[in-house]
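Understanding the architecture of this molecule
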Amino acid sequence: MKFTKFVAAAAVSATMVFAAPVMAEDSSKPIVIPTHNWSSQVVMAYVIGGIFESMGNNVEYVPADSQAVYEAVRNGDITISHEVWQSAFGASFYNAMDKGGIIDAGSHEALTLEEMGVPGYVIEQNMCPGLPNWEALKDCKDIFVTADSDGKGRWLEGPQSWHGDLMPERIAALGLGDDYMVKFAGGADALWAELAAAKKENRAVITFNWTPNFTDADGFVFIEFPEYTDGCRTVDGGDGSCGSPKGWLKKAANYKMPKTHPAAYKAYSKLSFSTLHIGQMAALVDIDKMSHEDAAKKWLADNEAVWMPFTK
Ligand code: TMO
């Protein structure tokens, strides 16, 4: 009687628990997504924003410095950072984690490299015998001299905001300082313009580049420097005579996101893009000249089978 009633009631509520698990609703407050100054990152911002919107979330985009963003995610002004490249941003990400407030939401499938390199024809035509081994640079600075390089071979670096004085320090540490100098590009577009101009003139150039990128299909060749080891860089206390890591590409989030936007966070934690996906996102802008927003819309429309499963 009393006991059976209790058992029956318990059975009913147990059934209900299993049939309808408690699902916390995502807050209607916007998920704040940063945009930086290279194409895949901006397209991916709108791709991820589009995925969140498809789940009923509100999103907001803010332009942000690609180093300062980790402090902004830590203190909650920005909710996620979806392209944490190991070489350029690993230190800032973990510094922010040391202070508390930023979490590791997993890695993309893609592995990364952010390194100086040369167009494929420089290797094919043997313009600097011994490349891509870095020691070949000792004997061929002349082919890399430009009007603005004071008679030295020029390394065209990305904007200084990406990784500071890493390359000038490396040139000094490798004993190349008498023969090579670094010029910082104003933006990524200056790298692509210089690669296009050099190709037309069949001229040798050294530029910063990275993979995944739209240039993956172009046969860009990264220079092989002495292997990266933890602590080898001057900022990390080393002598700086090392190349960049064959690195990871992580996703970061503010520590409250799993609580404020549990469904979106679950999707974000599952989300993972490959070298091909990220190369496609960059190519839609840098080769096809689409706007970042239109590129993201096209990528989402063409790749439902890739991203839909993240939302389940
Ligand atoms: C951060 N980046 C991909 C430009 O090296």
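Report follows, based on the coordinates. Just so it is clear, the model here is predicted, and its values are computed rather than measured.

Details of the environment of Asp236
- Mapping Asp236 onto the fold places it in the loop between strand S9 (221-222) and strand S10 (249-254).
- Spatially, the C-alpha atoms of Asp236 and Ala91 are 8.7 Å apart, while their sequence positions differ by 145 residues.

Topic: the sheet that holds strand S3 (residues 80-85)
- The three strands are arranged S3-S10-S4 in an open sheet whose pairing can be described as antiparallel. Here the strands that pair on one side only, and so sit at the sheet edges, are S3 and strand S4 (102-107). Adjacent strand axes in the sheet meet at a mean angle of 30° when their direction is disregarded.
- One ladder, built from four bridges, connects S3 with S10; its direction is antiparallel. From the neighbouring strand, Ile80 faces S10, where its bridge partner is Ala253.

Side note on the site of the ligand
- The ligand sits among Trp38, Trp85, Phe89, Glu114, Trp162, Phe208 and Trp210.
- In the environment of the ligand, an oxygen atom lies 2.7 Å from a nitrogen or oxygen atom belonging to the side chain of Glu114.
- When grouped by side-chain class, the residues that make up the shell around the ligand number six nonpolar, no polar and one charged.

Some points on the environment of Arg203
- Its location among the elements puts Arg203 in the loop between helix H8 (188-201) and strand S8 (206-211).
- Look at Arg203 and you get partly exposed, because its relative accessible area is 23%.
- Dropping the residues within four chain positions of it, Arg203 is found in contact with Tyr121, Glu194, Ala197 and Ala198.
- Polar contacts involving the side chain of Arg203 include one to the side chain of Glu194, which spans 2.9 Å.

Focus: the state of the cysteines
- One pass over the structure, following the stated rule, counts two disulfides.
- A sulfur-sulfur distance of 1.9 Å marks the disulfide that ties Cys128 to Cys140. You can see Cys128 sitting in the loop between helix H5 (120-124) and strand S6 (153-157) and its partner Cys140 sitting in the loop between H5 and S6, a full twelve residues away along the chain. In terms of burial, Cys128 and Cys140 fall into one category: buried.
- Between the sulfur of Cys232 and that of Cys242 lies a disulfide, 2.0 Å long from S to S.

Describing unusual backbone geometry
- Omega for the bond connecting Leu131 with Pro132 falls within 30 degrees of zero, at 10°, which places this linkage in the cis form.
- Looking at the element boundaries, Pro132 is found in the loop between H5 and S6.
- In the Ramachandran plot, Asn202 falls in the positive-phi region, its phi being about 50° despite a non-glycine side chain.
- The topology assignment puts Asn202 in the loop between H8 and S8.
- Of note, the phi angle at Lys289 is positive, near 60°, even though the residue is not glycine.
- Within the fold, Lys289 resides in the loop between helix H11 (275-286) and helix H12 (292-302).

Observations concerning H12
- Among the residues of H12, those classed as buried are Ala295, Ala296, Trp299 and Leu300. Buried residues of H12 fall within an arc of 130° about the axis and therefore sit on the same side. Turned more than 90 degrees from where H12 packs its buried face, Lys297 and Ala301 sit exposed.
- Contact partners of the buried residues in H12: helix H2 (39-54), H11 and helix H13 (304-307).

Considering the nonpolar core
- Counting residues in each nonpolar core, the largest one holds 89 residues, and the members touching the most others are Phe52, Trp155 and Phe273.
- It is H2 that contributes the most residues to this core, nine residues altogether.

Observations regarding the packing of aromatic side chains
- Summed over all chains, the structure comprises 19 aromatic pairs.
- Taken together, a centroid distance of 6.5 Å and an interplanar angle of 50° make the contact between Phe144 and Tyr180 tilted. Residue Phe144 is located in the loop between H5 and S6, and its partner Tyr180 is located in strand S7 (residues 180-184); the two are separated by 36 residues in the primary sequence.
- The exposure class of Tyr180 is buried, given its relative accessible area of 2%.

Conventions and cut-offs
- Residues numbered from 1 in each chain as written.
- Predicted model: local features only at pLDDT ≥ 70, side-chain atom pairs only at ≥ 80, totals over all residues.
- Heavy atoms only, no water.
- Helix = DSSP H or I, 4+ residues; strand = E, 2+ residues; numbered from the N terminus.
- Pairing = 2+ DSSP bridges.
- Axes fitted to C-alpha atoms, helices over the stretch in contact; angles between N-to-C directions.
- Near = heavy atom within 4 Å.
- Polar contact = N/O pair within 3.5 Å; in protein donor to acceptor, adjacent residues only side chain to side chain.
- Nonpolar A, V, L, I, M, F, W, Y, C, P; charged D, E, K, R; others polar.
- Buried < 20%, exposed > 50% of the residue type's maximum accessible area, 1.4 Å probe, protein only.
- Contact = heavy atoms within 4.5 Å.
- Disulfide = S-S within 2.5 Å.
- Arc of directions from axis to C-beta.
- Core = buried A, V, L, I, M, F, W, Y, C linked by side-chain atoms within 4.5 Å.
- Phe/Tyr/Trp six-rings, centres within 6.5 Å; stacked < 30°, edge-to-face > 60°.

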